[in-house]
Amino acid sequence: MSSANEILMGTQAGTFKPRTRQRGMFSYKTKKRLVPFLYVAPAAVLFSLLMLFPMITVLRYSLMDGAIMKKNAVFVGLQNYVTIFSDPVFWQSVGQTLYFTVMSVIFHLLIGLAFALLLNTQRIDPTLRSILRVLFILPWLFTAVIIAIIWRLLLDPNGVVNSILIALHIVDFKVEWFSSTKTALHALTFANIWAGYPLYMVSLLAGLQGIPKELYEAAGIDGANEVQKFRYITIPQLMPIIISIALLDFIWTMQVFPLVWMTTGGGPIHSTEVLSTYTYKLAFSSYEFSLASASAICILIMSMSVTYFYIKHQKAR
Amino acid sequence: MNVRKYLATMKAAAAVWALCATCAFAETNIEFIQWWEPEMPAGALRGIMDDFEAANPGIKVTLVSGPYSATHDQIVVGAASGTLSDVVGLDGAWVNGLAKQGAIASMDSLMADAKYDPSQIADIVKVNGQSVMFPLASFVYPVFVNLDLAKAAGIDKMPATRTEFADAAKKMTNPDKNEYGWVLPLALQNPGGIQNDVMSWVWASGASMLKDGKPDLENEAVVGTLEYIKSLQDAGVISPGIFAKKEQDKVEEFVNGRVGMMIDSLAHINLIRERNAKLNFGISALPAVDGYTGKRGLPYASWGIGISDSSEHKAEAWKLVEYLMSPDVNGRLVSIANAFPGNVKAKPDFSKSDPLFEEAFKIFQSGHLANEFVGLPVAEDLMRDMNVEVQKMFDGQQTAKDAAANTQKQWLVEFAK
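Residues numbered from 1 in each chain as written. Chains lettered and ligands numbered in written order. Predicted model: local features only at pLDDT ≥ 70, side-chain atom pairs only at ≥ 80, totals over all residues. Heavy atoms only, no water.

- Under the annotation held in an unreviewed UniProt entry, chain B carries the name Multiple sugar transport system substrate-binding protein and is attributed to Rhizobium herbae.
- The annotation that UniProt attaches to chain B under Sequence similarities (unreviewed entry) is "Belongs to the bacterial solute-binding protein 1 family."
- For the record of chain B, the UniProt heading Subcellular location (unreviewed entry) holds the text "Periplasm". (UniProt positions renumbered as here; feature names shortened; annotations may be inferred.)

- Per an unreviewed UniProt entry, chain A goes by Multiple sugar transport system permease protein and derives from Rhizobium herbae.
- Looking at chain A in UniProt, the text filed under Subcellular location (unreviewed entry) is "Cell membrane".

Written as structure tokens, this is what we have:
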């Protein structure tokens, strides 16, 4: 019974018979060239079926008029892109998506880093540290539905947050957090920040635990204070993790849909409309699948531009 | 076993197999997609299907059931790919799109072939003159009133006019105790609030938002209704958080005794009883404009039924539709679902239901079903467009007149497509 190695090496028990190997449909050299492709074939087929095919289909839909809904949809070139680019709500969604994403990434990083430093310090009692570790990671364990329900209840005009604020005389009226055009986007971003920081915390904590203690000792001997140690040792050591995770977070947050949909649905008016809700409404409310596909391709391009930096950064490492 | 016996056994087995296969091939299997089975008591719909199969030997029905939104998605995908089930459960808001897509069949020829009397159907939904949907069961939306709150506020009769409603809402409102007269859900996720809680005021007074099948939102009745609702907000009688409130929030606030009145589906009576058995509440028809004496329009949602255009078994599918719409079966089905019948001759049995259903049936019989969104193109999108404009009005960005005019512009674009 011949093995893959035999095919590759053309040998069996030390006897090399190149002529017998050339029998059959393919020559030895062709077989040798084909083997790597056979190894990647299952992954390539799966990728093509599950990723490439849907992406190409969406791209094709975005260039057609009335895709899915019309039996004889025709090619219209970039007309759908022109239509969505001329819609002011689309540009409002782009701006709000960027605000939501950038603020989320910044505060995820700041809160995650602060909690990671807190959990890494030796000045806290180990038992308390273990309790805090569980508490801080809790938001990560909840699904988007649960997070949406929690924040809808907390930020309800008759909810806990308003009760506390009124009791402390910070406000003297019931703030309609998700129901006011002035506060809805900020409230939504806040809920997303709360839901997402544990990923940073866990990753940065692992990074902090991997920094050699000798570096801090050497810096101490050289007279560096805690701020200088943080600035010149901790941050540079964590930088590869920070960049990787921030780029991934940027891509993920830009596509967030369930939290936005279940809290505000893109409203009031269009004050929390993000690209994902804008696209969803085009597809499943207006049945404009071609316009929705064009909008989805815009999200894809934005995500891929960030992915480019991520891959470049990974290669540089 | 000798060879002869073996061969005889094999022949007998082959004969039995062939007989079974012939039976199987003779049987027609039709699919019926709907979201009703999970909303009815376990086995209820299947039981009706079993009776249909017994009455129609040779036809088997496979129920494809799921929650409302998942069923909607499945129907949209099935319509696009030509794999829609033979019989389709429909919501009035989907009908126009599906009919224009050519996904649901006209039932006119099927009715003619079967010599079916269409006058027994309460409200046949037509698109471009073709009958595409029958409302099998209707869920009417009356006003629910918290009788304890009303009594405490000194209100001794159900509000019948807009003035009485506004007056009652004011009396029931007490922000210090988190109690408000009315609740209005205008969240954008499901813009049904526009249909059930806003435009229902127009239909209740016998007015319309359409003229010759086209949008007519700038008429006095629609603008007047928007102004009236805005006046309720200005008076502070609507529970806060309107723009983020969904239908389930509305029901929840009523159940918890935080609002005095809400417009809601009769289907929620049992739910309200389960959630708060002590809640003392009643129902009445939606108030009309002062001085109106005509028949009240009753907003409703319905379980509609239609036939897939791609079905290879349209005759069998029609038999199922006809069976479900027959007076006896229709009456039985709506009695289980706590709804009102789609067949005018059906007599539902509410003896085992909540006493309020009996009362609601009287309201139903004295008024007429009114939901002008049924059969409109991209109905959900139209509601969402209007929802945004009404939100702008509530937010002080525009007047009621502007909200109506801006919605009119957007609707005309949709109707022109």
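This is not the end of the story, as more comes after the structure.
1. A few points about the overall build of chain A
Move 1: When you go through chain A residue by residue, the secondary structure sums to 14 helices and 4 strands.
Move 2: Since a compact globule built from 317 residues should have a radius of gyration of about 20 Å, the 27 Å found for chain A marks it as more spread out than a globular shape.
Move 3: In terms of its C-alpha atoms, chain A occupies a principal-axis envelope of roughly 90 × 75 × 35 Å.
Move 4: Taken across its 317 residues, chain A has 39% of its residues classed as buried.
Move 5: Put simply, of all contacts in chain A between residues at least 6 apart along the chain, 63% involve residues at least 24 apart.
Move 6: A total accessible area of about 18200 Å² is found for chain A, and carbon and sulfur atoms account for 71% of it. (Helix = DSSP H or I, 4+ residues; strand = E, 2+ residues; numbered from the N terminus. Rg over C-alpha atoms; globule rule 2.2 N^0.38 Å. Buried < 20%, exposed > 50% of the residue type's maximum accessible area, 1.4 Å probe, protein only. Contact = heavy atoms within 4.5 Å. Areas by Shrake-Rupley, 256 points an atom, 1.4 Å probe, with all protein chains shown as cover.)

2. Remarks on the domain arrangement of chain B
Residue and element names in this part refer to chain B.
Move 1: Per the domain assignment, the segments of chain B are domain 1 (3–139 + 301–367) and domain 2 (143–298 + 376–416).
Move 2: Relative to domain 2, the C-alpha centre of domain 1 lies at a distance of 33 Å.
Move 3: Contact residues are listed per partner, giving 17 residues for domain 1 and 18 residues for domain 2.
Move 4: Counting each side, the surface lost to burial between domain 1 and domain 2 is near 1400 Å², with a carbon and sulfur contribution of 64%.
Move 5: Across the salt bridge formed by D354 and R273, the nearest N and O atoms sit 2.6 Å from each other.
Move 6: Taken together, the elements giving at least two residues each to the side of domain 1 that touches domain 2 come down to helix 4 (92–100) and helix 14 (355–366).
Move 7: The element that contributes the greatest number of residues to the side of domain 1 that touches domain 2 is helix 14, accounting for 8 residues. (Domains from an automatic or database assignment. Buried area = accessible area lost by both parts, 1.4 Å probe. Salt bridge = Lys/Arg side-chain N within 4 Å of Asp/Glu carboxyl O.)

3. Points about the domain arrangement of chain A
All names here are of chain A.
Move 1: Per the domain assignment, the segments making up chain A are domain 1 (4–62) and domain 2 (87–316).
Move 2: The straight-line distance from the C-alpha centre of domain 1 to that of domain 2 is 43 Å.
Move 3: Counting residues at the interface gives 5 residues for domain 1 and 6 residues for domain 2.
Move 4: With both sides pooled, the region where domain 1 packs onto domain 2 buries about 430 Å², and carbon together with sulfur makes up 78% of that total.
Move 5: Counting the contacts that link domain 1 with domain 2 gives 0 salt bridges.
Move 6: The interface formed by domain 1 and domain 2 holds 1 residue pair in polar contact (both at pLDDT 80 or more) in total.
Move 7: Residue classes in the side of domain 1 that touches domain 2 are distributed as 4 nonpolar, 1 polar and no charged. (Polar contact = N/O pair within 3.5 Å; in protein donor to acceptor, adjacent residues only side chain to side chain. Nonpolar A, V, L, I, M, F, W, Y, C, P; charged D, E, K, R; others polar.)

4. Digging into the packing of aromatic side chains
Residues and elements named next belong to chain B.
Move 1: Using the criterion set out here, one finds 40 aromatic pairs over all chains in the structure.
Move 2: Here the aromatic rings of W36 and W303 are separated by 5.1 Å at their centres, their planes lie at 5°, and the arrangement is stacked. Residue W36 is found in the loop between strand 1 (28–34) and helix 2 (44–55), and its partner W303 is found in strand 13 (residues 300–307); the two are separated by 267 residues along the sequence.
Move 3: Relative accessible area serves as the criterion here: at 0%, W36 is assigned to the buried category.
Move 4: Ring plane angle 75° and centroid distance 5.7 Å describe the contact between F373 and W411, whose orientation is recorded as edge-to-face. In this pair, F373 sits in the loop between strand 15 (368–369) and helix 15 (379–394) while W411 sits in helix 16 (residues 400–416), placing the two residues 38 residues apart along the sequence. A single burial state applies to F373 and to W411, both of which are buried.
Move 5: The ring centre of Y228 lies 5.4 Å from the NZ or CZ of R162, which sits over that ring. (Phe/Tyr/Trp six-rings, centres within 6.5 Å; stacked < 30°, edge-to-face > 60°. Lys NZ or Arg CZ within 6 Å of the ring centre and 35° of its normal.)

5. Regarding the nonpolar core
Move 1: Formed by 130 residues in total, the largest nonpolar core has its most connected members in F32, F134, W182, M199, M209, L324 and F373 of chain B.
Move 2: Counting 27 residues, the second-largest nonpolar core is a separate cluster that includes A116, I124, L132 and M201 of chain A. (Core = buried A, V, L, I, M, F, W, Y, C linked by side-chain atoms within 4.5 Å.)

6. Comments concerning the side chain of Q189 of chain B
Move 1: Tracing the backbone shows Q189 of chain B in the loop between strand 7 (180–182) and helix 8 (192–204).
Move 2: Here Q189 of chain B falls in the buried class, since its relative accessible area comes to 9%.
Move 3: Residues contacting Q189 of chain B, with those up to four places away along its chain left out, are W261, M262, T263, T264 and G265 of chain A together with K246, E380 and R384 of chain B.

7. A few points about the interface of chain A and chain B
Move 1: With 28 residues of chain A at the interface, the matching set in chain B holds 30 residues.
Move 2: When chain A packs against chain B, the two sides together hide about 2400 Å² of surface, and 51% of this comes from carbon and sulfur.
Move 3: Per-residue buried area on chain A facing chain B is highest for I269, S285 and Y287 of chain A; these three make up 24% of the total on that side.
Move 4: Here chain A is connected to chain B by 1 salt bridge.
Move 5: For the salt bridge of R152 of chain A with D249 of chain B, the shortest nitrogen-to-oxygen distance reads 2.4 Å.
Move 6: In this assembly, chain A and chain B are joined by 14 residue pairs in polar contact (both at pLDDT 80 or more).
Move 7: At the level of elements, helix 12 (258–263) and helix 13 (275–284) of chain A are the ones that each hand at least two residues to the side of chain A that touches chain B.
Move 8: Among the elements that take part in the side of chain A that touches chain B, helix 12 of chain A stands out by supplying 3 residues, more than any other.

8. Quick notes on the pairing of strand 6 (residues 143–146) of chain B
Residue and element names in this part refer to chain B.
Move 1: Residues V143 and V145 point to one face of strand 6 and F144 and N146 to the other, with burial holding for every one of them.
Move 2: Here strand 6 pairs with strand 10 (residues 259–263) via 3 bridges, running antiparallel. In the strand pairing of strand 10, V145 is matched with M261.
Move 3: Looking at chain direction, strand 6 and strand 11 (residues 281–284) are connected through 4 bridges and run antiparallel. In the strand pairing of strand 11, N146 is matched with F281. (Pairing = 2+ DSSP bridges.)

9. Thoughts on the UniProt feature "transmembrane region" (unreviewed entry) in chain A
All names here are of chain A.
Move 1: Those places that UniProt annotates as "transmembrane region" (unreviewed entry) correspond, in this numbering, to residues 37–61, 97–119, 131–154, 184–206, 238–261 and 289–311.
Move 2: The annotated region residues 97–119 carries 100% helix and 0% strand content, and the separation between its end C-alpha atoms amounts to 32 Å.
Move 3: Here residues 238–261 runs as 88% helix and 0% strand, with 34 Å between its end C-alpha atoms.

10. With respect to the sheet that holds strand 6 of chain B
Residues and elements named next belong to chain B.
Move 1: Taken in spatial order, the 4 strands of this open sheet run 7-10-6-11, and their pairing is mixed. Of all the strands in the sheet, just strand 7 and strand 11 have a single pairing partner and so form its edges. The average angle at which neighbouring strand axes cross in this sheet is 20°, direction not considered.
Move 2: Bridge count between strand 7 and strand 10: 2 bridges; the pairing is parallel. From the neighbouring strand, Y180 faces strand 10, where its bridge partner is V259.
Move 3: Against the sheet, helix 8 touches strand 7 and strand 10, its axis set at about 75° to strand 10.
Move 4: This element, helix 10 (residues 247–255), spans strand 6, strand 10 and strand 11 of the sheet and lies at about 145° to strand 10. (Axes fitted to C-alpha atoms, helices over the stretch in contact; angles between N-to-C directions.)

11. Quick notes on the pattern of salt bridges
Move 1: Under the counting rule described, the total for this entry stands at 17 salt bridges over all chains.
Move 2: For E226 of chain A, the salt bridge identified is with K229 of chain A, shortest N-O distance 3.5 Å. On the criterion of helical spacing, the pair formed by E226 of chain A and K229 of chain A is a turn pair, its members being 3 residues apart in helix 11 (residues 226–254).
Move 3: According to the relative accessible area criterion, E226 of chain A is exposed, its value standing at 51%.
Move 4: Residue class for K229 of chain A comes out buried when judged on its relative accessible area of 15%.
Move 5: Through salt bridges with shared partners, one network takes in R46, D50, E53 and K60 of chain B.

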